Structures are given as structure tokens and as C-alpha cells.
Amino acid sequence: MSVQERQKRLPQHAILDSAGIKYYAESTRRGTYAHASAEIFWQQRYCFLKDHGYIMRPRYEPKWKPSWIGTGIHPAYCEDSVMLMHWQVIDARRQKDNELVAIKRFRTDSQEQHIIQFLSTLEDEKKHAVPVYAILPDPFDPQLALMVMPFLRPCDEPDFSTIGDAVEFIDQITEGLVFLHSHRIAHRDIAFANIMMDAKPLYPNGYHPVLLDCSEDILQECTPLPRAGHSIRYYYVDFGLSIKFPEGAPPYAVGDVGRDAEVPELSPDIPYDAFKVDIFALGNLFRKKFEQQFNSMEFLLRLIEPMTRRQPETRPTAEQVLVEWQSTRAELNESLFRWRLGPKSEPAIGRMFNDTVAVAREGIFRLRKLVGT
């Protein structure tokens, strides 16, 4: 796209006057938009990854020069001004099909590589562990490797909008935990941040991998399609604390790390059942992210109460959780799934208006179903 074509797509304030051009030229010269140290790590691997079929954004090319220089365009409206937010992971495009991927650096002396490689050998719809396309040796540091995965979004970006959205999430994540435990793998760090989704069906035109609410060229805002009616896959990610226990070995671990600091038995030196930690953490996630935040989610209490008992031995197994959830789900009225997730913090007048809209939508749904359209 030429500078002239680009300028036509920009709002007026994105085109700098002479003073603005001078200011941002000086700001760029001073290093405001220079690579951060974590970005330099990835820039040094640009050619290596390209040779293996993965192309990072123009910002990470070895001879990158800011695209806004000499154009009169504000840097904030140039894609290559966008800096990396998470130092461990970078985005890239797979050359053979242009798929957006994520590449993660990790240490080869961790269990993560062994667990990911083991999971990659298993083909099962119930496996909700992030797929791995390739593991590449780091070209400079023998203690590091680079893991190539599909690019995933946080599971709550965009927000869950209906009770059915939440139900589908719980379906998949509960099923996924049963799968992990059946293969003797304890995740040990279950949290919302470690559950992500393949959101391609919601963004048919794509989105920017750092500025998630923007188009790939960051010039427009992205509006997602609703989750209902689209096939969304949720995945457990980050197996850096995970353990795969040998068959028949007791599932005991030590360590007080992990995102959920409320797990009562965590200890740096007293062994605990790692599977029961996963159960507590998942139940706590259901409580904090759904039951406590939204109306009409009381049906989750049948899961949450036993899963978050303080005594680990009284908590159910993952299989028992799934059985209880399937029983609970079967008792729910199907129309409830289309009902909006109303925040408990919502003001009364706002709730009344939004509930009225939801009732109208349900009426339209029933009418269309009745007349067969």
C-alpha cells in the first residue's frame, strides 16, 4: 500500500503537521520506538525462523527502519510501531499457508518439552491441550528451544456473552482436565490466563496479534462475531509447572508456585496430591469467573462446592467432576443457554433494559423456529 493510499484510510489527526513530523522524527531518533531487549532476542532469530518457514512482522527484520519516517503519518498508525508485550512469545506467519502462529521460547531442561511432545502424539477430540506444530532448537543457546503453536487469544477476549458460551467453555475445559489426568499429567497452574481459545471463527478477517481489538494493519477496530453458532476450541496452555507421573506412582509434588494462591495445601516442602490441586484451581476458576460475577449461574455451585473443599482427599476426581457436570447440564433448560450473561455488578436500570432486549431476542428465536426460518 502506497503512502497516499494509506493516508486516505487514516483519520485527519493521524496526519502530522510540520511540528509533529519534527517531534516524532526526534522521538524516533532518541529511541522511543527502538526494540526492547526481549525484541532483540527475536530479531536475532529472524533469519533462522524464516529458513524454517516462519516470517515475523516487519519490525523484526534485521535491517528494519521505521515505516513512518518521511511519510507524515503518526507512528501510532503504523503497524511496525507496535512493540512486543510478552517477552516469551512472539507471533509469526507460517509461509506455506499464511497461518498466524505463536512461537514460544522455553528451557530444554524443563518437563514442558517432554509433556508437550507426549501430548502431540495423541489424537483425541477430548485433548484440550495446545497443539504444537514444531519444536526448533534455538540457534544460539543450547539450553533453549522454540515451540511453534497456533496463535490463540485469551479465552475471555471477547467477553463471554451468553450462558451458553460459559456452558460450552465448561464442557471443553472439564473434558480436557479428565484427558490430562487420564494420562497422568497434572497441569498445576490452572487459571484463566492459562486457558486460551482458537478464535479464528470469530474474526474471519483476522486481527492484530498484539492489539487484539484492531485489524492486522491496526487501522480499524475489529468486531467479533458471536460465539454462539461458531465452533470455538479452548485449550490449556503453559505446561511449565506440569508433571507427568509414571503409571502407578503416587501423584505427589511440592512447590507453592502457580497463579492460584488460594489452593490451601500448596507448600514448598510438604508433598501434596497434584491432581487435587488441579481440581481446586478449576473449581475456584468457575467460582470467581462465572458464579460470583454473573447472574443465573447458581447451577455451578454443585460443582464448585466439592471441588474447592479445603481437605484435598474430599475433593472429587476429574472424572467425577465431569459426570456431575454432565448431570447438571442435562437438567438445564435449553433456552437458558441463549440467555445473556448479566453481570451481578450491573445497575438495576441497565439490567432491566438488557433483560428486555434478551427477552425480545428469545421471542424472535422461538418465532423463527416455529415458522421454520
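Since the structure is predicted, the reported quantities are computational estimates derived from the model, not experimental observations. (Residues numbered from 1 in each chain as written. Predicted model: local features only at pLDDT ≥ 70, side-chain atom pairs only at ≥ 80, totals over all residues. Heavy atoms only, no water.)

Student: Describe the overall build of the chain, naming the residues involved and giving the relevant values.
Tutor: Scanning the chain for helices and strands turns up 11 helices and 12 strands. C-alpha atoms of the chain, sized along the principal axes, occupy 70 × 60 × 35 Å. Among the 373 residues that make up the chain, the fraction classed as buried is 49%. In the chain, the 45 positive side-chain charges and the 51 negative ones have mean positions that sit 3 Å from each other. (Helix = DSSP H or I, 4+ residues; strand = E, 2+ residues; numbered from the N terminus. Buried < 20%, exposed > 50% of the residue type's maximum accessible area, 1.4 Å probe, protein only. Lys, Arg positive; Asp, Glu negative; His and termini not counted. Charge placed at Lys NZ, Arg CZ, Asp CG, Glu CD.)

Student: Lay out helix α2 (residues 18–30) with the relevant residues and their values.
Tutor: Taking 1.5 Å per residue, 13 residues should reach 18 Å; α2 reaches 18 Å between its end C-alpha atoms and fits that length. Considered for burial, the residues of α2 that qualify are Gly20, Tyr24, Ser27 and Thr28. The buried side chains of α2 occupy one side of the element, clustering within an arc of 100° when seen end-on. Looking at α2, the residues exposed on the side facing more than 90 degrees away from the buried face are Ser18, Ala19, Lys22, Arg29 and Arg30. Of the residues flanking the end of α2, it is glycine 31, one or two places downstream, whose phi is positive at about 100°. (Expected span 1.5 Å × (residues − 1). Arc of directions from axis to C-beta.)

Student: Talk me through the sheet that holds strand β8 (residues 195–198); I want residue IDs and the actual numbers.
Tutor: Pairing in this open sheet of 3 strands is antiparallel, and the strands run β6-β8-β9 from one edge to the other. Edge positions in the sheet fall to β6 (153–154) and β9 (233–236), since each of these pairs with one other strand and no more. Against the sheet, helix α6 (residues 163–182) touches β8 and β9, its axis set at about 40° to β9. (Pairing = 2+ DSSP bridges. Contact = heavy atoms within 4.5 Å. Axes fitted to C-alpha atoms, helices over the stretch in contact; angles between N-to-C directions.)

Student: Break down the sheet that holds strand β5 (residues 144–150) for me, citing the residues and quoting the values.
Tutor: The strand order across the open sheet formed by 5 strands is β1-β2-β3-β5-β4, and the pairing between neighbours is antiparallel. Edge positions in the sheet fall to β1 (54–55) and β4 (134–137), since each has one partner strand and no second.

Student: Go over the packing of α6 against helix α9 (residues 318–330) with me, naming the residues and quoting the values.
Tutor: Where α6 contacts α9, the axes come no closer than 9 Å and their chain directions differ by 155°. Regarding the angle of α6 to α9, the classification is roughly antiparallel. The crossing of α6 and α9 is left-handed. Seen from α6, the contacting residues are Val167, Ile170, Asp171, Thr174, Glu175, Leu177, Val178 and His181; seen from α9, they are Ala318, Glu319, Val321, Leu322, Trp325 and Arg329. (Parallel < 35°, antiparallel > 145°, perpendicular 65-115°, else oblique. Left-handed = near helix turned anticlockwise from the far one by under 90°.)

Student: Which residues make up the nonpolar core, and what values do they have?
Tutor: Counting 64 residues, the largest nonpolar core has Phe169, Phe286 and Phe290 as its most contacted members. Here this core gets 10 residues from one element, more than from any other, and that element is α6. In contact with phenylalanine 290, not counting residues within four places along its chain, are Phe160, Ala166, Phe169, Phe192, Leu285, Met297 and Leu300. Counting 18 residues, the second-largest nonpolar core is a separate cluster that includes Trp42, Tyr46, Tyr54 and Leu136. (Core = buried A, V, L, I, M, F, W, Y, C linked by side-chain atoms within 4.5 Å.)

Student: Go over helix α7 (residues 274–291) with me, naming the residues and quoting the values.
Tutor: Taking 1.5 Å per residue, 18 residues should reach 26 Å; α7 reaches 25 Å between its end C-alpha atoms and fits that length. Most of α7 sits inside the fold, with 15 of its 18 residues counted as buried. For α7, the N-terminal capping position is held by aspartate 273, with its side-chain oxygen 2.9 Å away from the main-chain nitrogen of phenylalanine 275. (Polar contact = N/O pair within 3.5 Å; in protein donor to acceptor, adjacent residues only side chain to side chain.)

Student: Explain the confidence of the model for the chain residue by residue, including any values.
Tutor: The predicted model of the chain has a mean per-residue pLDDT of 91, with 91% of residues at 70 or higher. Every residue in residues 359–367 is under pLDDT 50, and counting partners more than four places away or in other chains gives 5 contacts. (pLDDT = per-residue confidence, 0-100.)

Student: I'd like a rundown of the packing of aromatic side chains, residues and numbers included.
Tutor: This structure, assessed with the given rule, holds 16 aromatic pairs. Seen from their ring centres, phenylalanine 151 and tyrosine 207 are 6.2 Å apart, and the 55° between their planes marks the pair as tilted. Residue phenylalanine 151 is located in the loop between β5 and β6, and its partner tyrosine 207 is located in the loop between β8 and β9; the two are separated by 56 residues in the primary sequence. As far as the burial class goes, phenylalanine 151 and tyrosine 207 line up, both buried. Members of the aromatic cluster, each reached through a chain of ring pairs, are Phe160, Phe169, Phe192, Tyr234 and Phe290. Positioned above the aromatic ring of tyrosine 207, the side-chain terminus of arginine 153 is 4.4 Å from the ring centre. In this structure, arginine 227 packs its charged tip against the face of phenylalanine 160, placed 4.1 Å from the ring centre. (Phe/Tyr/Trp six-rings, centres within 6.5 Å; stacked < 30°, edge-to-face > 60°. Lys NZ or Arg CZ within 6 Å of the ring centre and 35° of its normal.)

Student: Report on the pattern of salt bridges, specifying residues and quantitative values.
Tutor: Scanning the entire structure with this criterion turns up 22 salt bridges. Residue arginine 302 pairs with glutamate 324 through a salt bridge whose shortest N-O separation is 2.8 Å. Here the residue arginine 302 occupies a position in helix α8 (residues 301–307), and glutamate 324 occupies one in helix α9, the gap between them amounting to 22 residues. Residue glutamate 305 pairs with arginine 309 through a salt bridge whose shortest N-O separation is 3.3 Å. (Salt bridge = Lys/Arg side-chain N within 4 Å of Asp/Glu carboxyl O.)

Student: Before we move on, can you summarise the pairing of strand β11 (residues 252–255) with the specific residues and values?
Tutor: Only one face of β11 is buried: it carries Ala253 and Gly255, and the other face, with Tyr252 and Val254, is open. Judged from the 3 bridges that link them, β11 and strand β12 (residues 267–273) form a sheet pairing that is antiparallel. Across the sheet, residue glycine 255 finds its bridge partner in β12, namely serine 267.

Student: Please set out the side chain of serine 81 residue by residue, giving values where relevant.
Tutor: Within the secondary structure layout, serine 81 lies in the loop between β1 and β2 (89–94). Among the polar contacts made by the side chain of serine 81, one reaches the main-chain carbonyl oxygen of proline 75 at a distance of 2.7 Å. A polar contact of 2.8 Å, which involves the side chain of serine 81, links it to the backbone oxygen of cysteine 78. Excluding its chain neighbours within four sequence positions, the residues that come into contact with serine 81 are Tyr33, Arg59, Trp68, Pro75 and Ala76.

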